[in-house]
Amino acid sequence: MTDLKQQKCVPCEGNVPAATDSEIQEYKSQLSDWNLIDIEGEKRLEKVYKFPDFKSAVTFTNAVGDEAEKQGHHPALLTEWGKVTVTWWTHAIRGLHKNDFIMAAKTDEIKQSL
Ligand SMILES: C[C@H](O)[C@H](O)[C@H]1CNC2=NC(N)=NC(=O)C2=N1
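Residues numbered from 1 in each chain as written. Predicted model: local features only at pLDDT ≥ 70, side-chain atom pairs only at ≥ 80, totals over all residues. Heavy atoms only, no water.

Enquirer: Quick one: what's the story with the sheet that holds strand E1 (residues 35-39), residue by residue and with numbers?
Expert: One open sheet accounts for four strands, arranged E1-E2-E4-E3; its pairing is antiparallel. If you trace the sheet from one side to the other, it starts and ends with E1 and strand E3 (76-80), each paired once. Pairs of neighbouring strands in the sheet enclose a mean axial angle of 25 degrees, with direction left out of account. Where E3 meets strand E4 (residues 83-88), five bridges bridge the pair, whose relative direction is antiparallel. Bridge assignment links Glu80 to a residue of E4, and that residue is Lys83. Its contacts with the sheet put helix H3 (residues 98-113) on strand E2 (42-50) and E4, and the angle it makes with E2 is roughly 0 degrees. (Pairing = 2+ DSSP bridges. Helix = DSSP H or I, 4+ residues; strand = E, 2+ residues; numbered from the N terminus. Axes fitted to C-alpha atoms, helices over the stretch in contact; angles between N-to-C directions. Contact = heavy atoms within 4.5 Å.)

Enquirer: So what about unusual backbone geometry? Which residues, and what values?
Expert: Despite not being glycine, Asp33 shows a phi value in the positive range, around 70 degrees. The topology assignment puts Asp33 in the loop between helix H1 (21-28) and E1. The class for Asp33 is exposed, based on a relative accessible area of 65%. Phi at Arg94 takes a positive value of approximately 50 degrees, unusual for a residue other than glycine. Assessed through its relative accessible area of 57%, Arg94 is described here as exposed. (Buried < 20%, exposed > 50% of the residue type's maximum accessible area, 1.4 Å probe, protein only.)

If you want it as structure tokens, here you go:
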């Protein structure tokens, strides 16, 4: 099985099915500490990353933003002193796609690289 973090997002403009519950479980089992949340009926993946100060939280936020631009898939990012909340979902399908799990794995990799 190819690591999620090594995969690329496929272009997604609403013409793809959402991940099934069993796909969600399979992809989620390859990640650590990501929470599956439900916002008004839409499934999303969320994780809070901790930092020692505001500046390193901003650096991480920008690095995640750069990868999002590269992959054409964009998160919600809430940057605060000492923490960043990252939320991935696919707007076009109002739910989760494999792209979101790929980006979650890449987000973990970015955190480890800083
Ligand atoms: C045209 C462009 O690829 C799409 O609008 C992309 C941009 N980034 C995106 N990011 C996310 N998270 N979901 C989307 O549906 C999405 N759509």
